[in-house]
Structures are given as structure tokens and as C-alpha cells.
Amino acid sequence: MLNALKVRWAQGYQTVDHIRQVELNQRFRGLPVIESRACPEDCQACVEVCPSQAIQLSPVRIDLGKCIFCPDCSKVCPAEKIHFTPDYHLSCNEREGLVVGSQTQHPAVKTEERIKQIFGRSLKLRSVSAGGCNGCEMELNALANVNFDMGRFGIEFTASPRHADGLVLTGPISENMAPALQATFDAIPSPKIVIAVGACGISGGVFAASPALDRRFLEKIPVDLYIPGCPPHPLTFLNGLLDLLGKKYS
Amino acid sequence: MKQHWLQTGNGKAVSCKQIPSLPSLEFNSALAEALENKKRVVSWFGMESGSDIRVFAVCSDTSHSALWVTATMFEAEQRSFPSLASRFPAVHLFECELYEQHGLLPENHPWLKPVRFEHGRKHSLGMHDYPFFPMDGAEVHEVGVGPVHAGVIEPGHFRFQCHGETVFHLEIQLGYQHRGLESLFLQKPLLRQAALAESITGDTSIGHVWAYAQAMEGLTGVTPPERAQWLRVIALELERLAMHIGDLGALSGDIAFLPGLSVYGRLRTEVINTSMALSGSRFGRGLIRPGGVVYDVDSQFLAEYLPRMLTHVEKDMDGINEMLIESPSVIPRLEHTGLLSTAVASEIGVVGFVARSSGIAMDSRHDHPYGGYVFLKSRMGAIPTFRWGDVEARTKLRIAEAKQSIQLIWLSLIHLNDQSSISMPCTTDQIQPDSLVVSMVEGWRGEVVHCVVTGPNRETLRYKIKDPSFHNWFGLAQALRNNGISDFPLCNKSFNLSYSGFDL
Ligand code: SF4
Ligand code: SF4
């Protein structure tokens with residue numbers, strides 16, 4: 001009994017309150033900052049080293065939908081043009097908004113009135129893992145722990161697609177999983193939203209070049225929210241979703 | 001052994017020319033002889049060149065920390081070999097894989113099941129018309145679950161043959177996460193594949209990327225600086241600690257022991273945030289690269305941050321462990337559930353903490369030491385094991401191993417005083433042509449094995465990956481026999497196997 005009390009006491013209050021402003025460890029690799037100074041002539045070092053074809057040159061831009069934040073490009077750049085910051089506000093509802101360069105806007109999520117009206121108070125999500133490494137799923141699971149406690153915002157994962165309002169896609173969509181992904185999506189009653197999570201879900205990530213994928217699902221189904229990372233930090237997910245739903249939590 | 005095998009060691013490259021090339025039947029008897037002499041097959045895989053298929057086998061010999069390799073060649077018209085699986089069930093899945101990947105038929109294999117429905121596979125069976133093993137009889141019924149499960153987890157299909165509540169037989173069919181990893185390893189320069197190695201299975205990012213880096217170092221003849229070796233040990237033990245703690249939390253949740261769910265959950269966060277302070281990623285990604293590590297740590301991390309976390313986590317973990325073990329509702333729920341006896345465990349060849357929970361002392365940190373473990377081996381003491389092989393044993397073993405990880409991190413800290421460099425350059429022109437390297441790392445689940453074969457122009461001819469889950473899924477199926485079907489989630493959590501690591 002005494003031990004139980006001690007354990008309870010040591011647990012204290014663990015919930016992260018200010019999820020919009022928490023500062024992550026300086027080493028965390030979030031939003032890249034790209035300096036505007038010129039590249040050395042004919043240099044392609046970053047493009048060659050990038051494991052997921054996320055970099056375009058002249059001018060240098062990084063597609064956060066492909067980037068795995070590894071951060072090999074920043075290490076090889078002779079002009080030290082690329083730095084990673086611990087800024088985890090990376091989500092966006094436009095695919096193009098994920099491409100960042102020295103002159104581009106910070107990726108942002110616009111609140112969609114229609115989504116806010118229907119799901120603003122309660123959003124139930126069905127996750128489908130389709131060919132990834134399980135890193136994204138572990139971070140999605142962390143959302144339910146005592147630290148992030150996503151349930152307090154009315155957002156939860158459900159067991160059945162029939163009870164869900166949206167699909168959370170992780171993984172690059174393997175050929176073997178494509179039919180089950182489609183069937184799960186079909187089983188979710190409309191209106192419904194789709195959230196693509198992680199480099200894999202958004203673009204195929206490090207597996208994009210594999211012939212064992214079948215990403216046709218995303219040619220037919222529009223995505224409402226993109227959440228970059230490999231895997232995305234739970235705070236990237238949570239903040240992106242709160243923005244989409246127009247929750248003024250601070 | 002000597003005549004049919006070439007001796008090598010963990011992470012050591014050998015020239016392919018020196019590997020014996022035996023006639024197929026002799027290769028088979030060499031394997032059978034090794035298995036009879038209690039050697040374990042740690043890898044057995046094919047490599048295609050034109051219409052020929054070269055097949056390599058690797059055996060582990062713990063008495064000398066040695067690995068032995070041998071090979072055979074299948075020419076165009078020869079596409080079968082006598083199966084060893086009936087005599088040695090531990091190799092059954094290697095044979096299934098040889099058939100699926102290369103069309104080499106193991107004659108008289110007892111159950112030639114698809115492994116992962118590989119892309120471009122040689123199997124005629126489709127994923128959706130796969131005939132599960134059926135059972136007949138009054139009141140026998142079948143329950144099918146997956147590939148999409150109730151939680152946020154990876155996909156797989158489980159087919160239970162039940163009598164009332166009791167499971168007679170469980171068949172597990174995987175492959176949904178198959179994304180062609182082994183072929184992706186051939187697409188880019190070998191030294192640029194660290195990120196791919198980190199994505200074999202996210203929960204073992206460190207285990208797999210270390211196995212990859214060690215293979216690269218073997219091929220290039222580069223020895224990482226000592227400081228890098230110790231930082232790797234810290235990263236790997238943090239990964240083990242986080243996964244064991246996380247699973248203890250998940251197990252607690254399954255049996256409605258809610259203090260466990262929340263306390264272990266919080267402690268796991270502290271551990272993975274330490275991995276982030278080390279590497280910038282909660283899963284330790286971006287840290288280990290061929291030749292060493294990318295990030296160094298400062299004295300504040302070594303003298304304050306890490307010791308504070310270790311002391312704190314250990315103290316709080318002891319408290320919740322004690323509460324878990326002593327709660328009247330916990331142990332009775334775990335004991336005798338999901339039993340995997342020593343005999344069955346060794347016959348089917350499970351590895352890692354599952355094997356140790358069933359009384360088999362094996363651990364590549366100990367049996368084939370590498371990096372910092374060469375030194376730590378003598379300080380680790382005996383490999384912790386439990387005899388009973390039930391959920392209780394697996395739970396208690398994880399508690400013991402989590403504590404051991406904390407000790408190993410403390411021991412590593414002592415060696416981090418010198419300010420040596422953290423990385424040596426590894427370049428493509430250093431890669432030895434025509435060579436094979438076998439690299440083993442004890443991930444938190446068990447042995448992670450990467451085998452790499454290079455060609456005459458230093459190109460990659462084959463990259464073979466084995467996650468411990470390759471052996472252990474069958475252990476889970478066995479453990480479920482004669483249990484109530486409602487015990488499945490609990491048994492499953494106690495193993496927590498990887499789908500992505502199996503499916504590749
Ligand atoms: S950090 Fe992103 S853009 Fe840079 S090399 Fe890695 S994946 Fe490519
Ligand atoms: S995005 Fe990264 S973490 Fe997520 S599934 Fe893909 S490889 Fe794993």
C-alpha cells in the first residue's frame with residue numbers, strides 16, 4: 001500500500017499543458033531553414049546524399065512531404081546553407097505548402113469551416129498502417145499517453161471504421177495492403193476526412209522507389225491534412241489537427 | 001566442420017572465393033551435421049546471377065564466438081533440394097523463403113507456406129485466396145482477424161481454429177507491410193543506405209542501423225573510434241530500455257492494471273526523450289552511420305542529464321515493478337498463459353528475449369560480442385533467463401533486462417571521458433570487392449542479422465536482412481495453443497513482434 005502511494009506520488013501531473021508552445025530539445029530536427037546565399041558552382045552534394053529525393057536545386061528547396069529529417073544534407077553542404085530547427089509546426093493542408101525554400105512561407109494549416117462545423121467538437125479517427133516501419137504508429141500511440149492525452153481535445157482513435165470520421169494513413173501503401181486500405185476507407189461513413197502522416201504516407205518516403213508499392217489510392221482520394229516527419233513528433237500531429245479543427249487552445 | 005565451412009566472425013568480411021562451394025547434397029548434409037551438433041543457422045539465403053542461384057548458409061558457434069559460412073550453387077535446370085525442415089523445424093522458414101524468393105523447392109517440406117507474398121514472387125497462391133489450415137469437427141469454429149486490427153498497429157492476419165473458447169491452432173499470415181526492402185538496398189550506393197536501415201523496423205532503428213554500419217565497417221576495414229562505440233552502446237540500450245518499459249505498460253493496459261499503463265508510459269517518454277537529446281530523434285535516428293556516430297555529447301549530458309534520467313527512471317521503475325508483481329490481480333493472470341516450453345522453443349528456434357524467457361541462454365552481445373560489448377561481456381554476468389516460458393516469465397525477464405540496460409549505460413559512461421573523435425571516413429573505394437560480411441547485433445527483440453555480398457566492382461549483389469521476428473512469430477502461434485482466445489492480446493503483447501521487420 002505504501003509503495004502504491006509512493007508510485008502515485010512520483011507520477012505527479014504529467015500532461016503537457018501548452019502544446020502549442022512547448023520547446024523541444026535543440027537537437028530535434030524540425031523545420032529546416034535554408035539560407036539565401038549562393039551555392040558553390042555545380043554543387044549537388046545535398047541532392048546526391050538525400051535518401052528520399054526531397055531536395056530541388058536553383059534555388060534550394062526541401063519538400064517536407066518527402067524529407068525524413070535525417071539530416072545528411074545539412075552535413076554535406078559546403079556553403080552551410082541548410083540548418084534544422086526544433087520548430088515542430090510543420091503540418092499543412094496543401095501539398096505544395098510543404099516545399100520550403102529561403103523565400104517561402106512557413107507551412108501552415110488553414111481551418112476549414114466545413115470540417116470545423118462537423119468535427120470541431122469530436123473527431124474519431126481510424127488508423128491504417130500500410131507498409132511503413134511502425135515508427136509513425138508508435139508516435140500515434142504516444143498521443144494517447146499521459147503526456148499528450150489527445151482525448152482531452154475530443155480527438156480519439158476508434159477500433160472500427162464504422163465509428164470513425166476520418167482515416168489516418170501511415171506507410172507508403174504496399175501493394176499487399178492497398179485493397180485493405182481501400183476497404184477500410186470505404187467503410188468509414190461520409191462525411192470523412194483523410195490525414196496523410198509521415199514521409200511514407202505523404203510521398204512514399206525512403207521507400208518511394210520500390211516497385212512493391214501501389215499508391216493509386218491517393219490518386220483518387222483527396223487529402224485534408226499532411227503531417228510531415230519520419231516519424232512526425234506527436235506535437236506536430238496534435239497541433240496540425242487542432243489548427244484544422246479551428247481549436248483556439250493555447 | 002572445418003572442411004565444409006569457412007570460419008568468420010561477427011562483422012568480419014571474407015572473400016567469396018574462400019567460401020566452400022559444395023555440391024547441393026553435400027551442402028545439405030553439412031547443414032544437417034551442424035544442426036545435429038547444436039549449431040544454429042542464423043542465415044540461409046540465395047543470390048541470383050543470371051540463371052544461377054548461389055545459396056549461402058551461416059551457422060553460429062557460440063563456444064568460439066565464431067560464425068561459419070558455406071555455399072552451394074544451383075544451376076539453371078536445378079530448382080529443388082531435399083528439405084531439412086521435418087528433422088529440424090528451426091529452419092522451416094528459411095526453406096519457405098528460398099522457395100518464395102528464388103523458386104528453389106524444398107522437397108517434402110511439411111508446410112510450404114508463403115512467407116510474405118513478395119513482390120514478383122514465385123508463389124502461385126494469391127494473398128486473398130490463401131487457404132488457411134482448416135480444422136474439422138463438431139463445434140470447431142474459425143475466427144479471422146486482420147489485416148486491419150482494432151488498435152493503431154501494423155497489419156497482419158490471424159486465423160484461429162477454436163473449440164469453444166480454446167484455441168487449437170493459430171495460423172499467422174503476414175506480408176502486408178512488404179515494401180521490397182532488400183531490393184531497395186541494391187538501388188543506391190551501399191554506404192548511403194543508413195536511413196533505409198533505420199526504417200526496417202522503427203522500434204529497432206538502432207539495432208538495424210548498427211548491424212548495417214557494422215557490415216559497412218567490415219567491408220571497408222574501418223574501425224570506428226572508441227567514443228563512437230560507447231555512444232552506440234548507450235543508444236542501443238536506451239532503445240531496449242524504452243521498448244521493454246513501453247511493452248510493460250501495454251501489458252498492464254491489457255490486464256486493466258492502469259497504474260502500470262500510465263507510469264510505464266510516462267517513463268518511456270523520459271527514455272525516448274533522452275534518445276532525442278542524444279540524436280535529435282526519439283527513435284535514435286540519424287545517429288549511427290558507417291564509421292561512427294554523427295552526434296557527440298557534451299559534459300552536461302554526461303555528467304547531469306543522463307545520470308539524472310537513469311537514477312530517476314530506475315527508482316520509479318522499481319516502484320511500479322514492485323506494484324505490478326505484488327498486485328493480486330496481475331501475476332495469476334500472467335502465469336501459465338501463453339506457454340512456450342524450452343523443448344518447443346529450441347526445436348522451432350526462437351531467439352532473443354523470447355528464447356531467454358523459455359530457458360535458452362542466448363544473446364549476441366554475449367555470444368558474438370561487438371563494439372563496446374567486447375569489453376562489457378565479462379561485466380554483464382550470466383545471461384538472465386527464466387525457465388517457464390509463459391507471459392509471466394516474459395514479463396519478469398523484460399523487467400530484468402530493462403534494469404540490465406540501465407547498468408550497461410552506467411558502465412559505458414565511465415568510458416566517455418576521453419575526447420577522441422566520433423567518426424572515421426568510410427568510402428566506396430575502400431569496399432572490398434567479391435566479399436561477404438555477416439553482421440549481428442542484439443536488438444531488444446533478439447538477434448538482428450544483416451548479410452551483404454559485394455561483386456567484382458564493389459557493387460552490392462545481395463543485402464539479406466533478418467529481424468528476430470522472422471523466428472519468433474511461429475513461437476507466438478505455438479504459445480497460443482490451448483489458451484483461451486481472449487488471451488491472445490496478452491500473449492501477443494508479451495512477444496510484441498515486428499510486422500515490418502518480418503515483411504521487409
Ligand atoms: S534532411 Fe531531408 S532533405 Fe536533407 S538529406 Fe535528409 S531527407 Fe533529404
Ligand atoms: S514515415 Fe518514417 S517513421 Fe513513418 S512509417 Fe515511414 S519510415 Fe517509418
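Now for a description of the structure that goes with this document. (Residues numbered from 1 in each chain as written. Chains lettered and ligands numbered in written order. Predicted model: local features only at pLDDT ≥ 70, side-chain atom pairs only at ≥ 80, totals over all residues. Heavy atoms only, no water.)

### Here we look at the site of ligand 2
Lining the immediate environment of ligand 2, one finds A:Gly132, A:Cys133, A:Gly135, A:Cys136, A:Gly198, A:Ala199, A:Cys200, A:Gly229, A:Cys230, A:Pro231, B:Ser199 and B:Arg285. Of the chains in the model, those with residues near ligand 2 are chains A and B. Within the residue set of the shell around ligand 2, elements represented by two or more residues are α5 (135–142) and α7 (198–203) of chain A. Here the element with the most residues in the shell around ligand 2 is α7(A); it accounts for three residues. By residue class, the composition of the shell around ligand 2 is six nonpolar, five polar and one charged. (Near = heavy atom within 4 Å. Helix = DSSP H or I, 4+ residues; strand = E, 2+ residues; numbered from the N terminus. Nonpolar A, V, L, I, M, F, W, Y, C, P; charged D, E, K, R; others polar.)

### A few points about helix α16 (residues 488–495) of chain B
Extensive coverage of α16(B) is indicated by the burial of six of its eight residues. Three or more residues of α16(B) are buried, namely B:Phe488, B:Leu490, B:Cys491, B:Asn492, B:Ser494 and B:Phe495. (Buried < 20%, exposed > 50% of the residue type's maximum accessible area, 1.4 Å probe, protein only.)

### Thoughts on a nonpolar patch on the surface
Together, A:Met1, A:Leu2 and A:Leu5 make up an exposed nonpolar region whose accessible area comes to about 400 Å². Residue position: A:Leu2 is located in helix α1 (residues 2–11). (Patch = residues over 30% accessible without salt bridge, like charges linked within 9 Å, V, L, I, M, F, W, Y side chains within 5 Å. Areas by Shrake-Rupley, 256 points an atom, 1.4 Å probe, with all protein chains shown as cover. Salt bridge = Lys/Arg side-chain N within 4 Å of Asp/Glu carboxyl O.)

### Things to note about the interface of chain A and chain B
Interfaces are often sized by the accessible area lost when the parts come together. Taken together, the contacts link 62 residues of chain A with 61 residues of chain B. Roughly 4,700 Å² of surface becomes buried between chain A and chain B when both sides are summed, with 55% attributable to carbon and sulfur atoms. It is A:Arg27, A:Met138 and A:Asn176 in chain A that bury the most area against chain B; as a group they hold 15% of the surface buried on that side. In this structure, the salt-bridge partner of B:Arg282 is A:Glu139, at a minimum N-O distance of 2.7 Å. For the interface between chain A and chain B, the tally reads 30 residue pairs in polar contact (both at pLDDT 80 or more). At the level of elements, α1, α2 (45–49), α3 (72–76), β6 (123–129), α5 and α6 (178–187) of chain A are the ones that each hand at least two residues to the side of chain A that touches chain B. Take the side of chain A that touches chain B: its biggest share by element is seven residues, from α5(A). (Contact = heavy atoms within 4.5 Å. Buried area = accessible area lost by both parts, 1.4 Å probe. Polar contact = N/O pair within 3.5 Å; in protein donor to acceptor, adjacent residues only side chain to side chain.)

### Points about helix α1 (residues 24–36) of chain B
All names here are of chain B. Taking 1.5 Å as the rise per residue, α1 with 13 residues should run 18 Å; its terminal C-alpha atoms sit 18 Å apart, in good agreement. Along α1, the residues that are buried comprise Ser24, Phe27, Asn28, Ala30, Leu31, Ala32, Ala34 and Leu35. Residues of α1 that are buried make contact with β3 (21–22), β4 (40–49), β5 (52–61), β6 (66–74) and β7 (80–82). Lys38 occupies a position one or two residues after α1 and carries a positive phi of about 65 degrees. (Expected span 1.5 Å × (residues − 1).)

### Considering the sheet that holds strand β10 (residues 157–163) of chain B
Residue and element names in this part refer to chain B. Spatially, β9-β10-β11 is the arrangement adopted by the three strands of the open sheet, whose pairing is antiparallel. In this open sheet, the two edge strands, each paired with only one partner strand, are β9 (140–145) and β11 (166–173). Pairs of neighbouring strands in the sheet enclose a mean axial angle of 20 degrees, with direction left out of account. In this sheet, β10 lies alongside β9 in antiparallel orientation, the contact comprising six bridges. Within β10, the residue paired with Glu142 across the bridge is Gln161. (Pairing = 2+ DSSP bridges. Axes fitted to C-alpha atoms, helices over the stretch in contact; angles between N-to-C directions.)

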